[in-house]
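Read off the chains here:
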Amino acid sequence: FSSRILGRSYNRWQYLSALVCVAGIGLIILSDSSSSSSGPSPIAGDAICLAGAFLYALNNVLCEKYVQYDRFEYLGMMGLFAACVSVVQMLALER
């Protein structure tokens with residue numbers, strides 16, 4: 001979706017490296033599904049992990065598209081909000 005949203009073209013090495021990454025993910029999922037020492041639902045965990053990676057990639061692409069002028073302010077605000085979320089999580093979980 002990066003090439004459609006940003007209008008960029010990629011070369012064959014970039015497509016090949018993406019294919020290698022997807023093949024690695026496929027092997028990990030295959031390994032999790034055939035292993036007997038996994039948790040109660042390894043496929044659900046893999047699906048959640050893939051969904052998180054997809055959303056992270058979508059966030060990066062959309063930020064690159066819409067944040068074109070003041071990237072320092074964007075990064076500063078992301079750091080500020082991440083610190084606030086981390087403090088709330090720390091207070092809730094570290095007792």
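Cut-offs and rules
Residues numbered from 1 in each chain as written. Predicted model: local features only at pLDDT ≥ 70, side-chain atom pairs only at ≥ 80, totals over all residues. Heavy atoms only, no water. Phe/Tyr/Trp six-rings, centres within 6.5 Å; stacked < 30°, edge-to-face > 60°. Patch = residues over 30% accessible without salt bridge, like charges linked within 9 Å, V, L, I, M, F, W, Y side chains within 5 Å. Areas by Shrake-Rupley, 256 points an atom, 1.4 Å probe, with all protein chains shown as cover. Salt bridge = Lys/Arg side-chain N within 4 Å of Asp/Glu carboxyl O. Helix = DSSP H or I, 4+ residues; strand = E, 2+ residues; numbered from the N terminus. Expected span 1.5 Å × (residues − 1). Buried < 20%, exposed > 50% of the residue type's maximum accessible area, 1.4 Å probe, protein only. Contact = heavy atoms within 4.5 Å.

A. How the structure looks around the packing of aromatic side chains. On inspection of all chains with the given rule, the structure shows one aromatic pair. A ring pair is formed by tyrosine 10 and tyrosine 15, whose centres lie 6.4 Å apart and whose planes are at 90 degrees; its orientation type is edge-to-face.

B. Focus on a nonpolar patch on the surface. A surface patch of nonpolar side chains, amounting to about 450 Å² of accessible area, comprises Trp13, Leu16, Leu19 and Val20. In this structure, leucine 16 sits in helix H2 (residues 12-34).

C. Layout of helix H3 (residues 42-66). End to end, H3 covers 36 Å across 25 residues, agreeing with the expected 36 Å (1.5 Å per residue, within 8%). Considered for burial, the residues of H3 that qualify are Asp46, Val61 and Cys63. At its buried positions, H3 is contacted by helix H1 (2-6), H2 and helix H4 (71-93).

D. Structural detail: the environment of leucine 58. Topologically, leucine 58 is positioned in helix H3. With relative accessibility at 24%, the residue leucine 58 sits in the partly exposed group.

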